[in-house]
Each structure stands twice: as structure tokens, then as C-alpha cells.
Protein chains: 2
Amino acid sequence: MQNSFTEENYLKIIHSLSGREGTEVSTNALAESTSTRAASVTDMLRKLAEKGLIHYKKYQGVRLTDSGEKVAIQVIRKHRLWEVFLVEKLGFGWDEVHDIAEELEHIPSEILVEKLDRFLGHPKFDPHGDPIPDAKGNLTEPDYTILTDVHIGEKVLMMGVLDHAPSFLQHLDRSGITLGAVIEVKEINEYDKSASVQINGGPTLFISLEVSKNLLVQRR
Amino acid sequence: MQNSFTEENYLKIIHSLSGREGTEVSTNALAESTSTRAASVTDMLRKLAEKGLIHYKKYQGVRLTDSGEKVAIQVIRKHRLWEVFLVEKLGFGWDEVHDIAEELEHIPSEILVEKLDRFLGHPKFDPHGDPIPDAKGNLTEPDYTILTDVHIGEKVLMMGVLDHAPSFLQHLDRSGITLGAVIEVKEINEYDKSASVQINGGPTLFISLEVSKNLLVQRR
DNA sequence: ATATATTTTTAGATAAGTCTAAATTTTTTA
DNA sequence: TAAAAAATTTAGACTTATCTAAAAATATAT
Ligand SMILES: [Mn+2]
Ligand SMILES: [Mn+2]
Ligand SMILES: [Mn+2]
Ligand SMILES: [Mn+2]
């Protein structure tokens, strides 16, 4: 039996909310993320448990089963590959592709994904710096640092974002902060944790804590 | 308001069944084509009429309105562009792409279609020789000849197929009959209308009436 | 022209995914 | 540890797209 769009979206969200350690996800958290009501989530959880995709005990929160994890990762793989296609081949901006990929990720067909992957040259990361699971379902999250943890004087590489909202990505575009940019922290203001950073050895700019909190970087 | 997958499929099928002259389509014909029951079709027709997408009077069959025609043609445009993508860029065979395109055609986003069209170089025909409507919704059906109407001695160009079934397309592959091939009719058997044809000035082969009936060609 | 056959529509159900309101369970606080 | 608050589940309802069975309309045949 096939999984519906809705079921796939739930699995993907459970995967994302339960994080690296696979901790329990609450009904309310899912209601929030899926923009539905808690009662609707409960109904869906019963169904997913029925299908063996999640571990679910009433009032105890949920975790993915191995089978559910597999489905979630395949959906994530498709989402990220399509995003690469949209940006690299069709010329979309990284701020424009999320919603379209949200639909494309549900197109069934193993062969399609594999051919797309080959066509794109087996990319390892999507346009937002997120890792793309391989065909076997191996997904290794690189351990990046959040910019707020970087000290004055350090030079780091911009590797990804935590917030994927178009408005945030457009803000980064306007600031010249793109994937691969070299960021040197020049100054951190004690009062509001805003910072002065130099981008690619060029212009220096102020960024708020809100921005720093959402930038993933790598020390070199 | 958006149209659902189901609504789009109905509109596309009505377009196809009502042909060039836009003749009325019967409930039963739609039930057949959509693999549903007549009662379900009636329900959907009421809804489509409600939305102003079809002209519908009880017991009288249906036609697309201008608005419905526009939607149908956009879906057809997307279907055929995605088929070009799958064959030209991903390396699928022409016999493998229909079902996948049947899903991709419902992905919403004007911009996506236009960028895809540009990426593909504004193709005029899909892998089966069917014309691709332009961005404004202009769809001109070229008037091809069916191979059964070609006389002995004539040399024609293979331009398209009427049957899109994978089994038929695979049969053509095995026979070396591809789009653009030159077909010379050498002999027609009176008894069963089977024919001997020479492909690209090379091998001669026998084809049944069943095959001839589904080949669209152009006189030169 | 009337009876018969075919086509189409209506009536009443079902499953998926959602909702609100009420009941229940768990957690927190005093 | 008992009361209050928060989280979760249940009950009952709605919408979409489908179904079967029965009724109504149209077409065909004697
Ligand atoms: Mn999605
Ligand atoms: Mn992404
Ligand atoms: Mn379709
Ligand atoms: Mn086609």
C-alpha cells in the first residue's frame, strides 16, 4: 500500500522534530507544524501506527519506526534533489524553491529519483546546505556550528541555514551572505548580541542575533 | 480557488474526447476514460459546471467552457513539457514517461512551467509527436495522415502515434520505427490490410493494420 | 406508437482528512 | 497531595471523491 501526501508530510515532520536522538514528538508540536488541530493529529497518528510507521502510545508522544524512518528519508531525499534541480537547472532562487519541492517530493517512482540524482551529478547538499540522503537512505548530518558560538576574530565558512523562510533567505541575499562565503566575526555587542561581520574579506555589516542564530558555519 | 487533481484530469479527458470540433462528451464515455462509474461522473460534472468549467445540461452531455478549455490546455502543456524533460534530460524511454507525467502535470506554479519550457528550449512537440501548447494556450494540432491512408509507393515521415500504450511504443522500438523515420509503403495485403514498409531506406518489415492505424505520418 | 433497452441521474453509503466541543489523562503548582 | 492547568483523546460532524442500487429520462425496435 502507498502512503498519501498527508502521511508522507507527517512522517517528514516527525523526523524533523524528533531530531538526531529520535526523541518523542508531541501531538501539539505536530499540530503546530502541520497547521492542523491536535484532534486531527491524533487521528492521523492512529493511522500511521496502524500501518507500522510510528511507535505510538496514547498520551506518550510518537517516534518513527525503522520503516517510517525509511519513508521519511526517501521523501527528504526527493525534496532536496528537486530543490537542487530547481536552482541549478531552472534558475530559481534558493528562496523560491521550498513550496514547489514540497509538492514534487510526493511524486512516486524510484527510477525517477535515481535518474534525477544522476542528472544532477549526485549532489551531496541542497541549495540551503542541507545534506541529501543517498539512495540507500544514509543521511549524515554534518555537525556545523551556529554563528552565535563563533568568537571574535574567527573566520568561518557559511554552510547552511536553520530558517528556510523566503524572507530570511532574501535578507541574506541582500547582505551578500551566500553558501560558501567566508565570514569573519569582527565584533559582538554585549547588549543585544548583534555582531559586525566581514564577508569574503570585503564589506563589513551588522547582523542581528536573530540572523546569527540561523546561520550554520564551519570552522576551518 | 484551485482545481484538484481529479478536476484537472476530468477537464483534460473532456478536452481529448470532445475532439477538434468540441462535440458533446457523454457521461458513460467519461466513466470509461476515468475508470469510475457513471454516477461518480455525474457528481463531478455538477461540480465542474458549478465552477463554470463546463457547459452541462442534464442528459445532454458536456463541453468545456472557454475557462475550462484554458485549464485543460495548461495541464496538457505541463504534461507534454514534463515528458520532454523525462526523455531528453533524464534519459527515459518514450514508453516510460506517461504515468510519471500524469502526476507532474498537476504540480501548480506558472513560473515553474515557464522556466521548464525555457530550460528545454521551447520544444514544439513531445516525445510522442504531440504538439505542446504555447504559454498563451495556443494549441495547433498539425494535420497528419494515418498510415492506413498512405498508398503503395509513397514515402512518408513518421510524426506521431495515436496509441500511447507502453506495449505499442516498445513494439515500435523493436521495429526501428521512431519519430522522424522515413517510411516507404512497399506493399499492402488486400486480405488483412497488413503492409510491407521500408524504414529509412533500410530494412523492410511487415506491420499489421493494428500498427498502421496508430501511426501518424506526413507526406513530403 | 408503444414496449424495451440504454443512458443518465438520484438516493443513500463509505473512507480520508479535517474541524469544534467535550471528556479524559498527564503535568504543574500551591 | 489535592487542585488547577495543560495536553491529549474521543465524539460527532463536514467535505471530497468514490461506490451500489434504484429511479427517471432518452433512444431504439417492433
Ligand atoms: Mn510535502
Ligand atoms: Mn532545502
Ligand atoms: Mn493526471
Ligand atoms: Mn505524450
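Attention here is on the structure that accompanies the text. (Residues numbered from 1 in each chain as written. Chains lettered and ligands numbered in written order. Predicted model: local features only at pLDDT ≥ 70, side-chain atom pairs only at ≥ 80, totals over all residues. Heavy atoms only, no water.)

In this section: the sheet that holds strand β7 (residues 204–207) of chain A. For sheets, the rule is that strands pair by backbone hydrogen bonds, running either parallel or antiparallel. All names here are of chain A. Pairing is antiparallel in the open sheet, where six strands are placed in the order β3-β8-β4-β5-β6-β7. Looking at strand neighbours, the two that pair on one side only are β3 (145–146) and β7, the edges of this open sheet. The strands touched by helix α7 (residues 166–175) within the sheet are β4 (155–161), β6 (195–199), β7 and β8 (215–219), with β4 carrying the most contacts at an inclination of about 150 degrees. (Pairing = 2+ DSSP bridges. Helix = DSSP H or I, 4+ residues; strand = E, 2+ residues; numbered from the N terminus. Contact = heavy atoms within 4.5 Å. Axes fitted to C-alpha atoms, helices over the stretch in contact; angles between N-to-C directions.)

This part covers the relation of the copies chain A and chain B. Between chain A and chain B, which share one sequence, the superposing operator has a rotation angle of 180 degrees and an axial displacement of 0.0 Å; the RMSD is 0.1 Å. Here the copies are linked by what is in effect a two-fold axis. Of the C-alpha atoms belonging to chain A, the one lying closest to the rotation axis is found on L104 of chain A, 3.8 Å away. Of the interface residues in chain A, 100% have counterparts in chain B that sit at the interface too, so the contact is made through matching surfaces. (Least-squares fit on C-alpha atoms with pLDDT ≥ 70 in both.)

The next subject is the sheet that holds strand β6 (residues 195–199) of chain B. Residue and element names in this part refer to chain B. The antiparallel open sheet is built from six strands, whose spatial order is β3-β8-β4-β5-β6-β7. Of all the strands in the sheet, the pair left with one neighbour each is β3 (145–146) and β7 (204–207). Sheet strands in contact with helix α7 (residues 166–175) are β4 (155–161), β6, β7 and β8 (215–219), and its direction is about 150 degrees off that of β4.

Each regular strand displays side chains that alternate between the two surfaces of the sheet. All names here are of chain B. The alternating pattern of β7 places L205 and I207 on a buried face, while none of T204 and F206, on the opposite face, is buried. With four bridges connecting them, β6 and β7 associate as antiparallel partners. Bridging from a neighbouring strand, S196 pairs with F206 of β7. Hairpin geometry of β6 and β7 is characterised by an intervening segment of four residues between the two adjacent antiparallel strands and by a positive phi of about 50 degrees at N200. (Buried < 20%, exposed > 50% of the residue type's maximum accessible area, 1.4 Å probe, protein only.)

Bringing the protein's contact with DNA strand D into the picture now. In the region of DNA strand D, 22 residues are neighbours, and R46, Y56 and K58 of chain A together with S40 and K47 of chain B sit closest. Among the atoms of DNA strand D close to the protein, meaning within 4 Å, 75% are from sugar or phosphate groups. At 2.9 Å, a side-chain N or O of T42 of chain A approaches a phosphate oxygen of DNA strand D. One of the side-chain nitrogen or oxygen atoms of R46 of chain A is found 2.4 Å away from a phosphate oxygen of DNA strand D. Taken together, the elements giving at least two residues each to the surface near DNA strand D come down to α2 (27–34) and α3 (38–50) of chain A together with α1 (5–18) and α3 (38–50) of chain B. Counting residues per element, the surface near DNA strand D draws most heavily on α3 of chain B, at five residues. For the surface near DNA strand D, the per-class residue count stands at eight nonpolar, nine polar and five charged. (Near = heavy atom within 4 Å. Polar contact = N/O pair within 3.5 Å; in protein donor to acceptor, adjacent residues only side chain to side chain. Nonpolar A, V, L, I, M, F, W, Y, C, P; charged D, E, K, R; others polar.)

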